[in-house]
Amino acid sequence: MTVTLASLSRQTGLAVLDHLERSVSVPVVDGLQAQGDLIVIPLPVIASSVSPRPDAGWTDVPPEGVELLRGAAGGNPHTLVADPATCRWTTDVSDSDGLAIGVFVTSAVVYLLHPEHGATGCTPGAYAVRRQREHEGRRARLVAD
């Protein structure tokens, strides 16, 4: 089944901005991907610095999605979207850099949807979701979307 931006928008009830082409297939990536102020990293890549806590509470991601992060100043949400019983999500994580929002584990393709950026898919696996930061000389700051 081809997943489009339009089908994800209908599934979640999250409207996307008019400049996005709703009929194109959403790309599925099996690696690192960024979307505005957050970045999705395969957990094995950063397992030495990010991990779910041993007593983590996990939540099934419903078809309408889970809001991971809302953009700066109450902006648009980044929403994780999955088919029923295929993806679990937790915010109970340890992160030595303090950037982790959470971790998800999925047995099927899941999608990250944003009204301004569109959507991308993640292949089955375990992923950390972190805030992005940018560097100016020796200073670093969180990316504000």
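So, here is what we can say about the structure in this document.

Conventions used here
Residues numbered from 1 in each chain as written. Predicted model: local features only at pLDDT ≥ 70, side-chain atom pairs only at ≥ 80, totals over all residues. Heavy atoms only, no water. Phe/Tyr/Trp six-rings, centres within 6.5 Å; stacked < 30°, edge-to-face > 60°. Helix = DSSP H or I, 4+ residues; strand = E, 2+ residues; numbered from the N terminus. Buried < 20%, exposed > 50% of the residue type's maximum accessible area, 1.4 Å probe, protein only. Lys NZ or Arg CZ within 6 Å of the ring centre and 35° of its normal. Core = buried A, V, L, I, M, F, W, Y, C linked by side-chain atoms within 4.5 Å. Contact = heavy atoms within 4.5 Å. Pairing = 2+ DSSP bridges.

## Brief notes about the packing of aromatic side chains
Moving on, step 1. All told, the structure shown has one aromatic pair when counted by the stated rule.
Moving on, step 2. Look at Phe104 and Tyr127: their rings are 5.1 Å apart centre to centre, the planes differ by 20°, and that puts the pair in the stacked class. Placement of Phe104 in strand β10 (residues 100-106) and of Tyr127 in strand β13 (residues 125-131) is noted, with a sequence separation of 23 residues between them. Accessibility assignment for this pair places Phe104 and Tyr127 in one class, buried.
Moving on, step 3. Across from the ring centre of Trp58, 4.4 Å away, lies the NZ or CZ of Arg88, which sits over that ring.

## Thoughts on the nonpolar core
Moving on, step 1. Grouped together as the largest cluster of nonpolar side chains are 17 residues, with contacts concentrated most on Val40, Leu80, Trp89, Phe104 and Val129.
Moving on, step 2. Among the secondary structure elements, those contributing two or more residues to this core are β3 (38-42), β6 (66-70), β8 (87-90), β10, β11 (110-114) and β13.
Moving on, step 3. In terms of residues, this core owes the most to one element, β6, which gives three residues.
Moving on, step 4. Discounting chain neighbours no more than four positions away, the residues touching Val40 are Gly31, Leu32, Gln33, Phe104, Leu112, Cys122, Tyr127, Ala128 and Val129.
Moving on, step 5. The next biggest cluster of nonpolar side chains, apart from the first, holds eight residues, and it includes Ile39, Ile46, Val50 and Ala128.

## Observations concerning the environment of Thr2
Moving on, step 1. With respect to the helices and strands, the residue Thr2 is situated in the segment before α1 (5-12).
Moving on, step 2. The spacing of Thr2 and Val24 is 22 residues in sequence and 9.1 Å in space, taken between C-alpha atoms.

## Brief notes about the sheet that holds β6
Moving on, step 1. Ordered by their spatial adjacency, five strands build an open sheet running β1-β12-β11-β7-β6, and the pairing between neighbours is mixed. For this open sheet the edge positions go to β1 (28-29) and β6, each flanked by a neighbour on one side alone.
Moving on, step 2. Here β6 pairs with strand β7 (residues 77-81) via four bridges, running antiparallel. Looking at β7, one finds that Val66 is bridged to Leu80.

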